[in-house]
Amino acid sequence: MANPFPFSSGAVLTAAELNAVGEWTDYTPTTTSWTGSFEYSKTIRIGELVIWKGRFDTDGAQSGTLTMTLPYSDGGLTRGGSGGSGIAYDASADNSFAASPYVASGNLQFIESQANNQTAINSTSPFTWANGDSIRWLAFYETDA
């Protein structure tokens, strides 16, 4: 990513320059075998750091593991692992579960943890997903794409 400003030693950035360093943009990923809609999905990139926040609402029964395509991966090196947090919400039981985002094979996936058990979020974990359930996340990862 090219430097948008002519920074020099001792320079003081203006508010406009700071605001332009990173700007939230809409991003609609594709999902693997899950159906629903994104209430929101926004991303910001500052250098090699990508921050992505979103909410996905399911529209019925799901199958397989929840997987979303990453923004800014364009075939470049996207380093595995991730940071952030998330919530998987079961609307019928009005119950929430912790969902940790992580990068795997150029996609975002989620792990849910209970006691000594960690499982990839899938159609039956941490609950059987149905219409009206949702997952929300804030994730960050490094890329050079």
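Analysis parameters
Residues numbered from 1 in each chain as written. Predicted model: local features only at pLDDT ≥ 70, side-chain atom pairs only at ≥ 80, totals over all residues. Heavy atoms only, no water. Helix = DSSP H or I, 4+ residues; strand = E, 2+ residues; numbered from the N terminus. Buried < 20%, exposed > 50% of the residue type's maximum accessible area, 1.4 Å probe, protein only. Core = buried A, V, L, I, M, F, W, Y, C linked by side-chain atoms within 4.5 Å. Contact = heavy atoms within 4.5 Å. Salt bridge = Lys/Arg side-chain N within 4 Å of Asp/Glu carboxyl O. Phe/Tyr/Trp six-rings, centres within 6.5 Å; stacked < 30°, edge-to-face > 60°. Lys NZ or Arg CZ within 6 Å of the ring centre and 35° of its normal. Patch = residues over 30% accessible without salt bridge, like charges linked within 9 Å, V, L, I, M, F, W, Y side chains within 5 Å. Areas by Shrake-Rupley, 256 points an atom, 1.4 Å probe, with all protein chains shown as cover. Pairing = 2+ DSSP bridges.

What follows covers the environment of Gly106. On the secondary structure map, Gly106 appears in the loop between strand S6 (95-104) and strand S7 (107-114). We classify Gly106 as partly exposed; its relative accessible area is 29%. Sequence separation between Gly106 and Tyr72 is 34 residues; the distance between their C-alpha atoms is 9.6 Å.

So, about the nonpolar core. Met68, Leu108, Phe110, Ile121, Ile135 and Trp137 are the most contacted members of the largest nonpolar core, which has 21 residues in total. For this core, the secondary structure elements donating two or more residues are strand S3 (49-58), S6, S7 and strand S9 (134-142). In terms of residues, this core owes the most to one element, S9, which gives four residues. Filtering out sequence-adjacent residues up to four positions away, Met68 remains in contact with Pro29, Thr30, Thr31, Phe38, Trp52, Phe56, Asn107, Leu108, Phe110, Ile135 and Trp137.

Another aspect to go through is the pattern of salt bridges. This structure, assessed with the given rule, holds three salt bridges. We note a salt bridge from Asp26 to Lys42, for which the minimum N-O separation is 2.6 Å. Placement of Asp26 in strand S1 (residues 25-26) and of Lys42 in strand S2 (residues 36-46) is noted, with a sequence separation of 16 residues between them. You can call Lys42 partly exposed: its relative accessible area is 29%. With its nearest N and O atoms 2.7 Å apart, the salt bridge here joins Arg55 to Asp57.

A separate point is the packing of aromatic side chains. Throughout the structure, instances matching the rule amount to eight aromatic pairs. Put simply, the rings of Tyr27, Phe38, Trp52, Phe56, Phe110 and Trp137 pair up and form one aromatic cluster. The ring of Trp24 carries the charged tip of Lys53 above its face, separated from the ring centre by 4.3 Å.

Moving on, we get to a nonpolar patch on the surface. On the surface, a nonpolar cluster with roughly 230 Å² of combined accessible area is contributed by Leu18, Val21 and Ile46. The residue Ile46 is located in strand S2 in this model. Residue classification places Ile46 among the partly exposed residues on the basis of a relative accessible area of 39%.

Attention now goes to unusual backbone geometry. Cis geometry marks the peptide bond from Ser125 to Pro126; its omega dihedral reads 5°. Along the chain, the position of Pro126 falls in the loop between strand S8 (117-120) and S9. For Asp94, which is not glycine, the phi torsion reads 50° and is therefore positive. As for its placement among the helices and strands, Asp94 is situated in the loop between strand S5 (83-90) and S6. For Asp94, a relative accessible area of 57% translates into the label exposed.

So, on to the pairing of S2. Examined bridge by bridge, S1 and S2 share two bridges and lie antiparallel to one another. What sits directly across from Asp26, in S2, is Lys42. Pairing of S2 with S3 involves 10 bridges; the strand directions are antiparallel. Within S3, the residue paired with Arg45 across the bridge is Val50. Count of turn residues in the S2/S3 antiparallel hairpin: two residues, of which Gly47 carries a positive phi of about 65°.

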